[in-house]
Amino acid sequence: MTITSQAVFSQRAAFYTTSAAHTDKNVLNRVAELALPQPQHVVLDVATGTGHTAFALAPFVREVIAIDITIEMLSEGRRLKTERGVANVEFRLADVHELPFDDRSFDIVTCRRAAHHFVNIEKSLDEMKRVLAYGGCLVIDDRSVPEDDFVDATMNRLDWLHDESHVRQYRSSDWERKLIDAGFTIEMIEPYTRHRPLSSLTDNVDPKKVAEIRSIIAALYESQRAAMNVVERDREIYTNHWYVIIAAKKG
């Protein structure tokens, strides 16, 4: 991730602790389920934020190393660790593009709601594969886009306006190609959607960018609104947000 990411997320650490999107128990449970955790396993949780995925896996494994590039996120994660009495999660400062771990150090690598911020997704995947044991499991959960050029371009623009550290959210087909190119065997690719209020893109955002977000939505043709499932309910605009969960193995 970039310096911009650190600047953005240093201001959002407390928000990530309570964010509905990041504390979604159904998704966290699905990530833990797909990781196939065993009591002897050591897990690396990449771009952990305040540790939600690390805490979800902790009861099932020997140890979780949770890394992030943002000191404030790690501090919030350590506070939650103490508050919850979790003994087997360790928070460390590290960047996915240059992981400070030996080859084949982990049985499981997880990465949730973060890959769309990685400035070099190919290098990130290479690094996650390098530190994963043979036969080990990689589980990625991230924002995504459907196989539709207009929706792809529009959602990526909206997300960049929401957060300038956004790089790209990928289609399921993009993920499949990138993981195969990186040498992973794909076990499962599971797209899903959430219908979310426009405020999820505009809250705490610069007013000029908020105006552009609203302008983009207002200018949609009827067919485009249908493609993005834009509706107004209780005086609030809602649109689809796309996600994907992926399970893959090394070797």
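Our structure is the block above this text.
K.L.:
Explanation requested: the overall build of the chain in the structure shown.
P.N.:
Within the chain one finds 11 helices and 9 strands. A globule of 251 residues ought to have a C-alpha radius of gyration of about 18 Å, and the chain, at 18 Å, matches this closely. The buried share of the chain, reckoned over its 251 residues, is 56%. If you take every contact in the chain between residues at least 6 apart in sequence, the share linking residues at least 24 apart comes to 74%. Positive and negative charge centroids in the chain, built from 31 and 38 side chains respectively, lie 2 Å apart.

K.L.:
Just to check I follow, could you spell out the packing of aromatic side chains for this structure?
P.N.:
Each aromatic ring pair is specified by the distance between its two centres and by the angle formed by the two planes. Under the counting rule described, the total for this entry stands at 4 aromatic pairs. Taking 5.1 Å as the distance between ring centres and 90° as the angle between the ring planes, the aromatic pair formed by Phe101 and Phe106 counts as edge-to-face. For the pair Phe101 and Phe106, one class covers both residues: buried. Consider the rings of Tyr192 and Tyr243, whose centres lie 5.2 Å apart with planes at 15°: the pair is stacked. On the criterion of sequence distance, the pair formed by Tyr192 in strand β7 (residues 184-197) and Tyr243 in strand β9 (residues 236-250) is long-range, its members being 51 residues apart.

K.L.:
Help me understand the pattern of salt bridges in this model?
P.N.:
Two side chains that carry opposite charge are able to pair once their charged atoms sit near each other. Enumeration according to the criterion identifies 19 salt bridges in this entry. With its nearest N and O atoms 2.8 Å apart, the salt bridge here joins Arg79 to Glu83. Here Arg79 and its partner Glu83 are both found in helix α5 (residues 71-84), 4 residues apart, which amounts to about one turn of the helix. According to the relative accessible area criterion, Glu83 is exposed, its value standing at 58%.

K.L.:
What should I look at first to understand the packing of helix α6 (residues 121-130) against helix α8 (residues 172-181) in this one?
P.N.:
Each pair of packed helices gets described by two things: the angle between the helix axes and the distance between those axes. Where α6 contacts α8, the two axes come as close as 10 Å, and the packing angle between them is 50°. When the axis of α6 is compared with that of α8, the two are oblique. The crossing of α6 and α8 is right-handed. Contacts from Ile121, Glu122 and Leu125 of α6 reach α8 at Trp175, Lys178 and Leu179. Of the residues that constitute the contact of α6 with α8, the class distribution is 4 nonpolar, no polar and 2 charged.

K.L.:
Even after reading the chapter, I still don't get the pairing of strand β4 (residues 106-112), so can you show me in this structure?
P.N.:
A large share of β4 lies buried, amounting to 6 of its 7 residues. Sheet topology note: the strand β1 (residues 42-46)/β4 ladder contains 4 bridges and is parallel. Bridge pairing in β4 links Val43 to Ile108. Of the strand pairs in this sheet, β4 and strand β5 (residues 132-145) are connected by 6 bridges, and their pairing is parallel. Pairing of Ile108 across the sheet is with Cys137, part of β5.

K.L.:
Would you take a moment to explain the state of the cysteines for this structure?
P.N.:
Cysteine pairs can be covalently joined through their sulfur atoms, and such a bond is termed a disulfide. Overall, the coordinates contain 0 disulfides when judged by the stated rule. Among the cysteines around Cys111, which has no disulfide bond, Cys137 carries the closest sulfur, lying 13 Å off. On the basis of relative accessible area, Cys137 is assigned to the buried category, the value being 5%.

K.L.:
Which parts of the structure should I look at to understand unusual backbone geometry?
P.N.:
Look at Leu36: it is not a glycine, yet its phi comes out positive at around 55°. Here Leu36 lies in the loop between α3 (25-34) and β1. Judged by its relative accessible area of 46%, Leu36 falls in the partly exposed class. With phi around 55°, Asp234 is a residue other than glycine that occupies positive phi space. Here Asp234 is to be found in the loop between β8 (231-233) and β9. By relative accessible area, Asp234 is classed as exposed at 74%.

K.L.:
Help me understand the pairing of strand β3 (residues 89-93), please; the structure alone is not making it clear to me.
P.N.:
Regular strands show a simple pattern: their side chains alternate between the two faces of the sheet. With 5 bridges connecting them, strand β2 (residues 63-68) and β3 associate as parallel partners. For Val64, the partnering residue across the bridge sits in β3 and is Val89.

K.L.:
Before we go on, may I ask you to explain the environment of Ile245 in this structure?
P.N.:
Mapped onto the elements of the fold, Ile245 is located in strand β9. Along the backbone, Ile245 and Val31 are 214 residues apart, and their C-alpha atoms lie at a distance of 7.5 Å. Once residues lying within four places of it in the same chain are set aside, the contact partners of Ile245 are Val27, Arg30, Leu34, Val139, Ile140, Asp141, Met188, Ile189, Glu190 and Tyr192.

Definitions and cut-offs
- Residues numbered from 1 in each chain as written.
- Predicted model: local features only at pLDDT ≥ 70, side-chain atom pairs only at ≥ 80, totals over all residues.
- Heavy atoms only, no water.
- Helix = DSSP H or I, 4+ residues; strand = E, 2+ residues; numbered from the N terminus.
- Rg over C-alpha atoms; globule rule 2.2 N^0.38 Å.
- Buried < 20%, exposed > 50% of the residue type's maximum accessible area, 1.4 Å probe, protein only.
- Contact = heavy atoms within 4.5 Å.
- Lys, Arg positive; Asp, Glu negative; His and termini not counted.
- Charge placed at Lys NZ, Arg CZ, Asp CG, Glu CD.
- Phe/Tyr/Trp six-rings, centres within 6.5 Å; stacked < 30°, edge-to-face > 60°.
- Salt bridge = Lys/Arg side-chain N within 4 Å of Asp/Glu carboxyl O.
- Axes fitted to C-alpha atoms, helices over the stretch in contact; angles between N-to-C directions.
- Parallel < 35°, antiparallel > 145°, perpendicular 65-115°, else oblique.
- Left-handed = near helix turned anticlockwise from the far one by under 90°.
- Nonpolar A, V, L, I, M, F, W, Y, C, P; charged D, E, K, R; others polar.
- Pairing = 2+ DSSP bridges.
- Disulfide = S-S within 2.5 Å.

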